[in-house]
Amino acid sequence: MSSVIPMCVRASHGLLRLKSRVIRASSPAAVDIIRTLSANRPPAGAGSVPGGLAQAVLQQRLQQQSQGQLAAEGGQSDKDGEQEEKKQEEFMAYINKMALRLGGLMGLGGTVIVVYIFGTNSVDEQGNKIPDEFDKDPPVIQHFKRTYKYFKDYRQMIIEPTSPKLLPDPLKEPYYQPPYTLVLELMDVLLHPEWSLSTGWRLKKRPGIDYLLQQLVPLYEIVIFTDETGTKAYPLVDSIDPQGFIMYRLFRDATRYMEGHHVKDVSCLNRDTSKVIVVDCKREAFQLQPFNGIALKKWDGNSDDRTLYDLTNFLKAIALNNVEDVRTVLENYALEDDPIEAFKRRQAQLAQQEEEQRLAELSLQKKQGLSLGSIASRFWRSKQH
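Rules used throughout
- Residues numbered from 1 in each chain as written.
- Predicted model: local features only at pLDDT ≥ 70, side-chain atom pairs only at ≥ 80, totals over all residues.
- Heavy atoms only, no water.
- UniProt positions renumbered as here; feature names shortened; annotations may be inferred.
- Helix = DSSP H or I, 4+ residues; strand = E, 2+ residues; numbered from the N terminus.
- Salt bridge = Lys/Arg side-chain N within 4 Å of Asp/Glu carboxyl O.
- Axes fitted to C-alpha atoms, helices over the stretch in contact; angles between N-to-C directions.
- Parallel < 35°, antiparallel > 145°, perpendicular 65-115°, else oblique.
- Left-handed = near helix turned anticlockwise from the far one by under 90°.
- Contact = heavy atoms within 4.5 Å.
- Nonpolar A, V, L, I, M, F, W, Y, C, P; charged D, E, K, R; others polar.

As recorded by an unreviewed UniProt entry, the chain carries the name Mitochondrial import inner membrane translocase subunit TIM50 and is attributed to Austrofundulus limnaeus. The record in UniProt for the chain states the following under Sequence similarities (unreviewed entry): "Belongs to the TIM50 family." In UniProt, the chain has this text filed under Function (unreviewed entry): "Essential component of the TIM23 complex, a complex that mediates the translocation of transit peptide-containing proteins across the mitochondrial inner membrane."

Encoded structure:
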């Protein structure tokens with residue numbers, strides 16, 4: 001009996017603690033459960049089993065209640081998240097819509113300004129308007145037509161060479177006009193940009209430039225034709241040619257822009273195309289006249305490079321043999337990855353063949369000499385007898 005009483009006391013204390021926790025949680029359903037259990041609580045002298053049963057029932061109902069509250073709170077948070085995401089999407093759609101409207105207004109305003117600026121009549125030095133073929137049209141149509149014509153001419157200026165005759169007419173006697181024309185690219189053929197800690201960026205001069213200019217100036221009219229701008233390339237040409245061997249200089253504005261490449265149109269040079277040789281490191285540069293060009297490998301800045309010396313020998317061989325049409329020679333090297341190396345290889349083979357032919361002729365002469373000597377000796381002996 002004495003052991004039952006402490007157990008009942010502990011059960012009642014546990015019920016009181018649960019009751020205080022539920023009351024603090026402010027759950028009306030839990031409060032009703034506590035009140036019901038408190039009203040039906042057995043007296044202190046009763047057994048401990050009803051108290052334990054009430055405590056288990058109370059815990060189960062509290063768990064169910066808390067799970068229901070968590071589910072309700074989770075559903076509410078999901079709903080709030082969806083609403084927040086929807087608001088953000090609506091806000092971004094509104095921002096995009098306003099940005100498109102603003103961009104359209106700015107584009108329309110810029111178009112109006114461009115049409116107004118480029119669509120007005122040109123003026124002379126006194127500020128007077130110069131009449132043109134659009135003066136009879138309505139004012140708005142005039143502006144649109146002049147603007148269209150301006151941009152069409154500007155595009156044509158970029159795509160087409162500045163003139164159908166890029167070089168002046170050949171020199172007449174008593175002046176000397178070389179029989180051939182050599183067109184040289186500047187970058188990666190004669191010069192190469194390189195960077196170092198001590199000097200930074202600088203342009204390195206390729207070995208053999210001076211030799212090439214000095215050896216070819218009597219035979220070739222030397223022209224620098226580069227896809228660089230004139231402001232950049234003009235002082236570079238002065239630096240590599242202080243003696244003035246280069247006769248003419250052509251820059252990017254003289255090229256023909258085709259499919260992303262600056263093409264050098266040989267037909268616009270005002271020279272006989274059968275006497276023109278273009279030296280470049282890009283085959284696209286002379287794609288309109290593929291048999292008028294030599295595509296060298298890009299120079300990487302190697303100081304031991306000998307390409308220009310070999311190129312000079314190749315060009316001298318063409319000029320000294322008075323080739324009527326250089327295209328017949330260059331066509332043989334059109335498919336070579338390195339035409340200069342191919343020329344050297346063929347020259348070595350030709351020299352070997354000539355040497356073999358010379359040795360064969362010498363051996364034949366020796367045989368003929370021996371045969372003549374034997375005949376003479378026999379004749380002499382027969383005469384003595």
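S.K.: Sorry if this is basic, but what is going on with the UniProt feature "transmembrane region" (unreviewed entry) in the chain here?
M.R.: UniProt records the feature "transmembrane region" (unreviewed entry) for residues 98-119 in the present numbering. Taken end to end, residues 98-119 is 95% helix and 0% strand, and its first and last C-alpha atoms sit 31 Å apart.

S.K.: When you look at the pattern of salt bridges in this model, what are you seeing that I'm missing?
M.R.: Opposite charge on two side chains permits them to pair, given that their charged atoms come into close proximity. If you walk through the whole model with that rule in mind, you get 19 salt bridges. One network of salt bridges, with partners in common, ties together Glu185, Lys264 and Asp280.

S.K.: How should I be thinking about the packing of helix α5 (residues 209-216) against helix α7 (residues 307-320) in this particular structure?
M.R.: Two numbers describe a pair of packed helices, the interaxial angle and the distance between the axes. At a minimum axis distance of 8 Å, the contact between α5 and α7 shows a crossing angle of 15°. Taken together, α5 and α7 sit at an angle that is classed as roughly parallel. Crossing geometry of α5 relative to α7 is assigned as right-handed. Contacts between α5 and α7 involve Ile209, Tyr211, Leu212, Gln215 and Leu216 on the former and, on the latter, Leu308, Tyr309, Leu311, Thr312, Asn313, Leu315 and Lys316. Across the contact of α5 with α7, the residue classes break down as 8 nonpolar, 3 polar and 1 charged.

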